[in-house]
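The residues making up each chain are set out below.
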Amino acid sequence: MWTEEARATAEAQESGIRNKSSSSSQIPVVGVVTEDDEAQGVFKPVDFNHVIKLLEETDKDGLEEKQLKFVKKLVQCYQNGLPLRDLAQIFKILNLCAGKIKNQPRFVESAYDIIKLCGLPFLKKKVSDEITYAEDTANSIALLGDLMKIPSSELRIQICKCIVDFYHAEPPKKHIPGYQQASSSYKIQMAEVGGLAKTMVQSMTLLENQLVEKLWVLKVLQHLSTSEVNCTIMMKAQAASGLCTHLNDPDPSGQLLFRSSEILWNLLEKSSKEEVIQQLSNLECLLALKEVFKNLFMRGFSHYDRQLRNDILVITTIIAQNPEAPMIECGFTKDLILFATFNEVKSQNLLVKGLKLSNSYEDFELKKLLFNIIVILCKDLPTVQLLIDGKVILALFTYVKKPEKQKIIHWSAAQHEELQLHAIATLSSVAPLLIEEYMSCQGNARVLAFLEWCESEDPFFSHGNSFHGSGGRGNKFAQMRYSLRLLRAMVYLEDETVNKDLCEKETIQQMIGIFKNIISKPNEKEEAILLEIQSDILFILSGLCENHIQRKEIFGTEGVDIVLHVMKTDPRKLQSGLGYNVLLFSTLDSIWCCILGCYPSEDYFLEKEGIFLLLDLLALNQKKFCNLILGIMVEFCDNPKTAAHVNAWQGKKDQTAASLLIKLWRKEEKELGVKRDKNGKIIDTKKPLFTSFQEEQKIIPLPANCPSIAVMDVSENIRAKIYAILGKLDFENLPGLSAEDFVTLCIIHRYLDFKIQATHKQRELANKSWENFLARTSNAKTLKKAKRLQEKAIEASRYHKRPQNAIFHQTDIKGLNTTVPSGGVVTVESTPARLVGGPLADTDIALKKLPIRGGALQRVKAVKIVDAPKKSIPT
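Just so you know, the residues in each chain are numbered from 1, in the order the chain's sequence is written. Side-chain atom pairs in this predicted model are given and counted only at pLDDT of 80 or more, local residue features only at pLDDT of at least 70, and totals for whole chains, interfaces and linings cover all residues. Note: side-chain values were computed over all heavy atoms of the structure, leaving out hydrogens and water.

### Quick look at the overall build of the protein
Okay, step 1: Starting at the N terminus, helices and strands are each numbered in turn, a helix being any DSSP run of H or I of at least four residues and a strand any DSSP run of E of at least two. Looking only at helices and strands, the protein has 43 helices and five strands in total.
Okay, step 2: Per-residue burial over the protein gives 46% buried out of 875 residues.
Okay, step 3: Considering only residue pairs separated by 6 or more positions, the protein has 75% of its internal contacts joining residues 24 or more positions apart.
Okay, step 4: Here the accessible surface of atoms and residues is derived via Shrake-Rupley with a 1.4 Å probe, and residues count as covered only by protein chains that are part of the display. For the protein, the accessible area works out to roughly 47200 Å², and carbon and sulfur atoms hold 53% of it. When a residue's accessible area, from a 1.4 Å probe over protein chains only, is under 20% of the maximum for its type it is buried; when over 50% it is exposed; and in between it is partly exposed. In this description, contact between two residues means that some pair of their heavy atoms is separated by no more than 4.5 Å.

### A word on a nonpolar patch on the surface
Okay, step 1: Patch membership requires over 30% relative accessible area and the absence of a salt bridge. Like charges are linked within 9 Å, and nonpolar side chains (Val, Leu, Ile, Met, Phe, Trp, Tyr) within 5 Å. A side-chain nitrogen of Lys or Arg and a carboxyl oxygen of Asp or Glu constitute a salt bridge if their distance falls within 4 Å. A contiguous nonpolar surface patch, about 300 Å² in accessible area, is contributed by Trp770, Phe773 and Leu774.
Okay, step 2: The topology assignment puts Leu774 in helix α41 (residues 751-778).
Okay, step 3: What makes Leu774 partly exposed here is its relative accessible area of 39%.

### Looking at the packing of helix α28 (residues 507-520) against helix α30 (residues 549-567)
In a packed pair of helices, the relevant descriptors are the angle between the two axes and the axis-to-axis distance.
Okay, step 1: Put simply, α28 and α30 touch, their axes get as near as 10 Å, and they point 15° apart. Of the possible angle classes, the one that applies to α28 and α30 is roughly parallel. Crossing angle aside, the handedness with which α28 passes α30 is left-handed. Here Ile508, Gln509, Ile512, Phe515, Lys516 and Ile519 of α28 lie close against α30, whose contacting residues are Arg551, Ile554, Phe555, Glu558, Gly559, Ile562, His565 and Val566.
Okay, step 2: Charged residues are taken to be Asp, Glu, Lys and Arg, nonpolar residues to be Ala, Val, Leu, Ile, Met, Phe, Trp, Tyr, Cys and Pro, and polar residues to be all remaining types, Gly included. Among the residues forming the contact of α28 with α30, the class breakdown is eight nonpolar, three polar and three charged. Only C-alpha atoms enter the line fits that serve as axes; for helices the fit covers just the stretch in contact. Angles between N-to-C directions range over 0 to 180 degrees. Reported orientations rely on four angle classes, namely roughly parallel under 35 degrees, roughly antiparallel over 145, roughly perpendicular from 65 to 115, and oblique for the rest. In a left-handed crossing the near helix is turned counterclockwise from the far helix by less than a right angle, and in a right-handed crossing that turn is clockwise.

### Some details on unusual backbone geometry
Okay, step 1: Residues other than glycine seldom take positive phi values, yet Gln442 does so here, at roughly 55°.
Okay, step 2: Tracing the backbone through its elements, the reader meets Gln442 in the loop between α24 (435-440) and α25 (443-455).
Okay, step 3: Positive phi values are uncommon outside glycine, yet Asp730 reaches one of about 70°.
Okay, step 4: Mapped onto the secondary structure, Asp730 falls in the loop between α39 (719-728) and α40 (739-749).

### Side note on the packing of helix α13 (residues 228-236) against helix α15 (residues 255-270)
Okay, step 1: One way to put it is that α13 packs onto α15 with a least axis distance of 9 Å and a crossing angle of 105°. With respect to α15, the axis of α13 lies roughly perpendicular. Residues Glu228, Cys231, Thr232, Met234 and Met235 of α13 touch α15, and the partners they reach there are Ile263, Asn266, Leu267 and Lys270.
Okay, step 2: Within the contact of α13 with α15, the residues separate by chemical class into five nonpolar, two polar and two charged.

### Focus: the side chain of Thr333
Okay, step 1: Take Thr333: it is sitting in helix α19 (residues 332-341).
Okay, step 2: Discounting chain neighbours no more than four positions away, the residues touching Thr333 are Met327, Ile328, Leu377, Thr383 and Leu386.

### Considerations on the side chain of Asp251
Okay, step 1: Tracing the backbone through its elements, the reader meets Asp251 in the loop between α14 (239-244) and α15.
Okay, step 2: Counting rule applied: Lys, Arg positive; Asp, Glu negative; His and chain ends not counted. Buried charge without a salt bridge: Asp251, with Arg259 as the nearest opposite-charge side chain at an N-O distance of 7.9 Å.
Okay, step 3: One polar contact links Asp251 to Ser253, side chain to side chain, over a distance of 2.6 Å.
Okay, step 4: Any pair of nitrogen or oxygen atoms within 3.5 Å is treated as a polar contact; in protein, a donor-acceptor pairing is required on top of that, and neighbouring residues in sequence qualify only through side-chain atoms on both sides. Within the structure, the side chain of Asp251 is placed 2.7 Å from the backbone nitrogen of Leu256, a separation counted as a polar contact.
Okay, step 5: Setting aside residues no more than four positions away along its own chain, Asp251 makes contact with Leu211, Leu215, Leu256 and Leu257.

### A look at the environment of Cys378
Okay, step 1: Position of Cys378 among the secondary structure elements: in the loop between α20 (361-377) and α21 (384-389).
Okay, step 2: A relative accessible area of 5% means that Cys378 is categorised as buried.

### As for the environment of Asn581
Okay, step 1: Within the secondary structure layout, Asn581 lies in helix α31 (residues 580-595).
Okay, step 2: Expressed as a C-alpha distance, the spacing of Asn581 and Phe625, which sit 44 residues apart in the sequence, is 9.3 Å.
Okay, step 3: Other than its neighbours up to four places away in sequence, Asn581 contacts Leu574, Lys624 and Phe625.

### What about α39?
Okay, step 1: Here α39 has its buried residues at Arg719, Ala720, Lys721, Ile722, Ile725 and Leu726.
Okay, step 2: Immediately downstream of α39, the backbone of Asp730 shows phi near 70°, a positive value.

### Structural notes on the sheet that holds strand β3 (residues 180-181)
Okay, step 1: Pairing between strands is defined by DSSP: at least two bridges between the two strands are required. The three strands are arranged β1-β2-β3 in an open sheet whose pairing can be described as mixed. With partners counted over all chains shown, the strands left at the sheet margins are β1 (82-83) and β3, one partner each.
Okay, step 2: As paired strands, strand β2 (residues 122-124) and β3 are joined by two bridges and run antiparallel to one another. When the bridges of β3 are listed, Lys124 appears paired with Gln180.

### Focus: α40
Okay, step 1: Taken as a whole, α40 has its buried residues at Asp741, Thr744, Leu745, Ile747 and Ile748. Buried residues along α40 cover an arc of 160° about the axis, so they all sit on one side. Structural note: α40 exposes Ala739 and Cys746 on the side pointing more than 90 degrees away from its buried face. Arc definition: directions from the helix axis to the C-beta atoms.

### A short note on the pattern of salt bridges
Okay, step 1: Applying the stated criterion across every chain, the model contains 28 salt bridges.
Okay, step 2: As a salt-bridge pair, Glu418 and Lys368 come within 2.7 Å of each other at their nearest N and O atoms. With Glu418 in helix α23 (residues 413-430) and Lys368 in helix α20, the pair connects residues that are 50 residues apart, well separated along the chain.
Okay, step 3: Under the relative-accessibility criterion, Glu418 is labelled buried at 13%.
Okay, step 4: Residue Lys368 is classed as buried on the basis of its relative accessible area of 14%.
Okay, step 5: Between Glu532 and Arg485 there is a salt bridge; the shortest N-O distance is 2.5 Å. Here Arg485 lies in helix α26 (residues 477-491) and Glu532 lies in helix α29 (residues 527-545), a separation of 47 residues in the sequence.

### Details of the packing of aromatic side chains
Okay, step 1: Centres within 6.5 Å are what make two rings of Phe, Tyr or Trp a pair, Trp counting through its six-membered ring; a difference in plane orientation under 30 degrees is then read as stacked, over 60 as edge-to-face, and the rest as tilted. Inspection of the entire model under this criterion finds 16 aromatic pairs.
Okay, step 2: A centroid spacing of 5.5 Å and a plane angle of 45° characterise the contact between Tyr723 and Tyr751, whose relative ring orientation is tilted. Of this pair, Tyr723 sits in helix α39 while Tyr751 is found in helix α41, placing the two residues 28 residues apart along the sequence.
Okay, step 3: Within the aromatic cluster, the residues linked to one another by ring pairs are Phe293, Phe297, Phe332, Phe339 and Phe342.
Okay, step 4: Ring-over charges, as used throughout, are those where CZ of Arg or NZ of Lys falls within 6 Å of the ring centre and within 35 degrees of the ring normal. In this structure, Lys476 packs its charged tip against the face of Trp453, placed 4.7 Å from the ring centre.

### Here's the deal with the confidence of the model for the protein
Okay, step 1: For the protein, the mean per-residue pLDDT works out to 83, and 82% of the residues sit at or above 70.
Okay, step 2: Looking at any residue, its pLDDT shows the predictor's confidence there, from 0 to 100. Note that pLDDT drops below 50 for residues 1-41; the model gives that stretch 51 contacts with residues more than four away or on any other chain.
Okay, step 3: Segment residues 842-875 is flagged for pLDDT under 50; beyond a separation of four residues in sequence, or across chains, it makes 56 contacts in the model.

### Some details on the environment of Val193
Okay, step 1: Relative to the elements of secondary structure, Val193 occurs in helix α10 (residues 186-194).
Okay, step 2: By relative accessible area, which is 61% here, Val193 ends up exposed.

If you want it as structure tokens, here you go:
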């Protein structure tokens, strides 16, 4: 603190009294460090309370001058740094100076000088000072954001410079004994704690037409947005939408767009992505992004402009993932489709007139980004018409062709290959939505011709150095994979026009040929991609042949051979993770769709020991395959030749097919929690097939189009299929069964009886209900007793707490001698009798006929209406 002697000297100086002595023992000026002390770097004690009290005073002559000088001398004390212990007092003085600026503009300079000190290192005397003064420091730094409200350009810029300096810490100019610099990240952490980011975001609204200050604030936000904490604060302060709507503001330097886009990137990466997307998914933001992108696309020629253009497109792509984003309404979708296709399809649109993409890295990335955003946009069905108008299918198909010799290609070989693969992948998403356009472009013929080239021996040195090209270096496997994916997507539309066209072009034969060619030339290096190709071929064949006998006949013995080849795969490879599981699933699916139902193919499959291979797979006891294999077995058992093959099969340790099926039954019941004793006999005779899941399952109401739990039980567990197979084998003369197997076989034999058993129970309940009804109609005492029980049950079910001002509708019809429930009813008392024809007007009780007279039903005057209770309409 300042000493009394020093204070007296200061007051004497301020009142005009000057000390004429020039001796070395002169008392130093207030707040000024002596040369000796300065050399040692020691802070002179300051009486902050006196300075604060002086600044709080008003209405005194010469007070302003005195206040300014005191603040100036205070600033001189801290030219080497700010001690954490003094920070709260210094910022209190800063706040007092800021409060005087409106009426006393000279205090701008004082505030400026103090703010400038904040860029200096923060100093701590003890290691614990950073924790001790953390709250004071956070509050002090937060005050910097509040001071942005002061309408002073100079002050605002200095605040921004000070905050930016937080991220570029420099050591003290001089070493001060007893002090050390606070950690380099301390200011940044305290800025997070104090919520500085929020006030800086809010300050943007004060700088609408002040470009220099706005750019400084953006620079600050750019630094602040490197932290997840700050990004979350900024996101909650609506920073994303605020920045995006001003992207098009005039700025000759280009900094506004660059810094804003980087801040948006950081917000998307380091805060809630969904919330940021929601903020940007409005018409105003998308219009701003659209204009920025168009300007950069059409007029941006520098490396920097192209990079920025691509960044804006990536941000747009992220926003487009939100189905609520008005991409179509703002016209952005239409422009993006135009930009994606103008190189391949000629357009007279002025936006692209004279434009041409180079083969630079940035333009190449742009092309891929445009393909990518088309995939995202097509998920919004209203986009389909714009895709048609933009001739997107035709543009993408320009890449689906073999390389032409001696033709100048705009892109390099590696770039063209990557764009080719990307275009085919894009077609897989777009073409199923545009079937007519796909067919009008002869899509099937183009893809099949491209596949023919993929299978040929033409020399082609692919680079395979992209995401889509993985696994295809030095070969055409990547092209084949994406072409087959496209065909698979089209086949599984189940559009007969597409599938018929494929079959007429001998697709089935071509697919079988490709498959045979692949398995004839094993390639362990590219095993994963080849397995995927084989799986897709089988899926395509299944989609084409399903429910078509003629196509199954075309599949024929050659198709059966490739299926059998896959089924002979070493079972150990199923655990390799390379894709053998998927291949096996597609193989089983092709048996179901391409072989079953075609008797020549079924017989050939049996002759080649196909049933043996199925049972070998079943014996692996892999649950994911069991259901499908058993379903195939059930269908095959309709063929009279199958039973002999099933009975002839032998597994490990001479296990028979019947023994295997019974073993699977026991395993399934154990997993389902069915109650059996140690010998496999039934414990609960009333519920012999009941599972633990069914016992725990509560009654859940389901819509009419949903299968019941009982139906799902039959379809999902394998017991019904095992019963069907053993039933086809007549449950008799089954070889290789143990005593336990025979016990289980008896239960399987009665499976269907145990399932009808529930129907018998329902019949018993219905009969009992009918007997009770007859008893009530023939015995008055029984009727009265039933009536009392019914009324008691109705009363117990009613809700007794009525809301205020509620209207109660009596649902009971008094004097009604019946115990048959009448359902929920409500008496309508406000409807005019002329509209409904009176009480019970349309019932047999009224003994009348109702004429139709061009509107509401009218009462017939010729018929006398008997007195009856009021008409009740069921709710």
